[in-house]
Amino acid sequence: SDIKRFTKKPSGPYQFIFLDPPYHWDGVGELVSLLLSDEWMTKDAILVAEHIHTRDLSMITGWTETRKYGDSSFSFFRRMEEPSTAPTQPD
């Protein structure tokens, strides 16, 4: 499916997404950020994006690591449970 058409209407949530976009496509970071939302992924879900080794995706929230294999890299992201904002009570 064309990614622009596919992302117009969320069809998740998913527990795992693997992306293999064209290596030189500049929209991969934006796509990763979009897919790490409530509409697309469950809490604690994993997303793996394959990309050219010269692209740095480590600044995207949820990034955990990047593994390099030749000219390819695989960046791993985790959609984490939102931290609780409720104040804690002393014992």
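Up top is the structure.
Now for a description of the structure that goes with this document. (Residues numbered from 1 in each chain as written. Predicted model: local features only at pLDDT ≥ 70, side-chain atom pairs only at ≥ 80, totals over all residues. Heavy atoms only, no water.)

### A few points about the nonpolar core
By size, the foremost hydrophobic cluster in this structure holds 15 residues, and its most contacted members are L19, V32, L35, M41, L47, A49 and F77. Elements that contribute at least two residues to this core include exactly β1 (14-19), α2 (28-35) and β2 (41-52). Those residues in contact with F77 that lie beyond four places of it in its chain are V32, L36, A45, I46, L47, A49, L57, I60, T61, G62, W63 and T64. (Core = buried A, V, L, I, M, F, W, Y, C linked by side-chain atoms within 4.5 Å. Buried < 20%, exposed > 50% of the residue type's maximum accessible area, 1.4 Å probe, protein only. Helix = DSSP H or I, 4+ residues; strand = E, 2+ residues; numbered from the N terminus. Contact = heavy atoms within 4.5 Å.)

### Let's talk about the pairing of β2
As paired strands, β1 and β2 are joined by five bridges and run parallel to one another. If you follow F18 over to β2, its bridge partner there is V48. In this sheet, strand β4 (residues 72-79) lies alongside β2 in antiparallel orientation, the contact comprising eight bridges. By the bridge assignment for β4, L47 is matched with F77. (Pairing = 2+ DSSP bridges.)

### Quick look at the sheet that holds strand β3 (residues 63-69)
The strand order across the open sheet built from four strands is β1-β2-β4-β3, with neighbouring strands paired in mixed fashion. Lying at the two open borders of the sheet, with one neighbouring strand each, are β1 and β3. For this sheet, the mean inter-axis angle between neighbouring strands, taken without regard to orientation, is 10°. (Axes fitted to C-alpha atoms, helices over the stretch in contact; angles between N-to-C directions.)

### Some thoughts on the packing of aromatic side chains
Here the structure, examined in full by the defined rule, presents four aromatic pairs. On the basis of an interplanar angle of 15° and a centroid distance of 6.5 Å, the ring pair of Y14 and W40 is categorised as stacked. Here the residue Y14 occupies a position in strand β1, and W40 occupies one in the loop between α2 and β2, the gap between them amounting to 26 residues. By way of ring pairs, the aromatic residues F6, Y14 and W40 are connected into one cluster. The ring of F76 carries R67 above its face, with NZ or CZ at 4.5 Å from the centroid. (Phe/Tyr/Trp six-rings, centres within 6.5 Å; stacked < 30°, edge-to-face > 60°. Lys NZ or Arg CZ within 6 Å of the ring centre and 35° of its normal.)

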